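Structural characterization, general
What follows is each chain in one-letter form.
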Amino acid sequence: MKLHTPISAKLFGISCPQKDASVIIIPVPWEVTVSSRSGTSLGPESILKASYELDIIRHEYKKAEEMGVAILPIPHDWKTLSDTLRHHTVGYIHAMESGFEKSSLKKDIVKKIDHYAFQLKEDVKAKAMTHLQKEKMVGVLGGDNSVSLGLMEALANMHDDFGILQIDAHAGLRKAYRGFTYSHASIMHNALQLTQVTKLVQVGLRSYSEEEAKRITTEKGRIVPFLDRDLKQKIFNGTSWKEICDGIMATLPDKVYISFDIDGLDAKLCPSTGTPVPGGLQVDEVCYLFEQVVSAGKKIIGFDLCEVAPGENMDWDAQVGSLVLYKLAMMMGASQGKIQL
Ligand SMILES: [Mn+2]
């Protein structure tokens, strides 16, 4: 499926020059290491397009105008490179999954992908630093889950300590999954290399390996899991979502980075995402959770939204994506006093 970025990209249908924006969104159309369905490199473009419709749904979306939100141009060179490299990785991943783990191709491909993925990370980091130094707030819009590391590194340059609130069906704690240092499945493993990340609070997990489960147990204290099945058990037994959110808030430090993989939601809300998993959260639940971060007096210092893919149901996945992108941007702004809730 091909999309076309409009010449003037008006996120949420508002025209806001970068210099006037409080929040800058960095789009990253990248999906080189995804292991199953592809499509998320079209995430930024499809969300941008869907976001034009938001203002006619509810008047509350006018707050984006008040705060000023701008999206950087979608870097089509990275998209083209992602598409080209995917041709190598698809074959390689397929070979590994068919038992050819010792393939002689491995070294060359992994080296090449690691090289470009490092460059992508540095590019995102440089863009983030540029805007953070101008005292703007920054969010990353993927692309696959790996693309947020550059922003996390930029924030680690500016903050001594912060926690990550991760909404995801997956733990993201695999070490160099399929050999790739910057794999989508390794994002939180890589984030935890930053000593400034004092907490990783994972909400909605329902698909993880034995090795990842062990890691969560071993690093208890730094990693705090709120498994999907435990959340559901509590709700079915009468605990309110408010009480659950209070419990999540109690584990977070004052500065919070939100990492939102769309597959943390109920798969009905993101049917085209790469690795959907049954179960998961509702949009209203995560929006309420983000509001609670603000109400608890915490400061949202950055965020990412990843793994939204247009697929065949282009409008639907992107509509959900644009709504949660809006919510993330607004909550970050509210937490830093730019708008009132
Ligand atoms: Mn995931």
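Scroll up to find the structure.
Rules of the game
- Residues numbered from 1 in each chain as written.
- Predicted model: local features only at pLDDT ≥ 70, side-chain atom pairs only at ≥ 80, totals over all residues.
- Helix = DSSP H or I, 4+ residues; strand = E, 2+ residues; numbered from the N terminus.
- Rg over C-alpha atoms; globule rule 2.2 N^0.38 Å.
- Buried ≥ 20, exposed ≤ 12 C-beta atoms within 10 Å, placed from the backbone.
- Contact = placed C-beta atoms within 7 Å.
- Pairing = 2+ DSSP bridges.
- Axes fitted to C-alpha atoms, helices over the stretch in contact; angles between N-to-C directions.
- Right-handed = clockwise from strand over helix to strand, strands pointing away.
- Parallel < 35°, antiparallel > 145°, perpendicular 65-115°, else oblique.
- Left-handed = near helix turned anticlockwise from the far one by under 90°.
- Nonpolar A, V, L, I, M, F, W, Y, C, P; charged D, E, K, R; others polar.

**Describing the overall build of the protein chain**
- For the protein chain, the helix and strand inventory stands at twelve helices and eight strands.
- A compact globule built from 341 residues would reach a C-alpha radius of gyration of about 20 Å, and the protein chain, at 19 Å, matches this within 12%.
- Along the first, second and third principal axes, the C-alpha set of the protein chain runs to 55 × 50 × 40 Å.
- Here the protein chain holds 341 residues, and 51% of them are scored as buried.
- Long-range contacts, defined here as pairs at least 24 residues apart, represent 79% of the contacts in the protein chain between residues at least 6 apart.

**Details of the sheet that holds strand β8 (residues 299–306)**
- Strand order in the open sheet made by the eight strands is β2-β1-β3-β8-β7-β4-β5-β6, with parallel pairing throughout. Two strands close off the open sheet at either side, each with one partner strand: β2 (69–71) and β6 (223–227). The sheet shows a mean angle of 15° between the axes of neighbouring strands, direction not considered.
- Two strands pair when backbone bridges link them, and strand β1 (residues 23–28) and strand β3 (residues 137–142) are joined in this way by six bridges, in the parallel orientation. Bridge pairing in β3 links Val 28 to Gly 142.
- Sitting on the sheet, helix α10 (residues 241–251) is in contact with β5 (197–205) and β6, with an inclination near 160° to β5.

**Focus: the pairing of strand β7 (residues 255–261)**
- Within β7, six of the seven residues are buried, which leaves the element mostly enclosed by the surrounding structure.
- Alignment of strand β4 (residues 162–167) against β7, held across five bridges, turns out to be parallel. Looking at β7, one finds that Ile 167 is bridged to Phe 260.
- Where β7 and β8 come together, seven bridges link them in parallel fashion. Looking across to β8, one finds that Phe 260 is bridged to Leu 305.
- The parallel pair β7 and β8, bridged by helix α11 (residues 283–295), forms a crossover whose chirality is right-handed.

**Notes on unusual backbone geometry**
- With an omega of 10°, the peptide bond running from Gly 142 to Gly 143 counts as cis.
- With respect to the helices and strands, the residue Gly 143 is situated in the loop between β3 and α6 (149–158).
- Positive phi outside glycine occurs at Phe 12, with the angle close to 60°.
- Among the secondary structure elements, Phe 12 is positioned in the segment before β1.
- Its identity as a non-glycine residue notwithstanding, Arg 178 has a phi of 55°, on the positive side.

**A closer look at the packing of α10 against α11**
- The N-to-C vectors of α10 and α11 enclose an angle of 50°; their axes lie 10 Å apart at closest approach. The angle between the axes of α10 and α11 places the two elements in the oblique class. For the pair α10 and α11, the sense of crossing is right-handed. Residues Trp 241, Cys 245, Ile 248 and Met 249 of α10 form the contact with α11, whose own contacting residues are Glu 285, Tyr 288, Leu 289, Gln 292 and Val 293.
- Its residues assigned to classes, the contact of α10 with α11 shows seven nonpolar, one polar and one charged.

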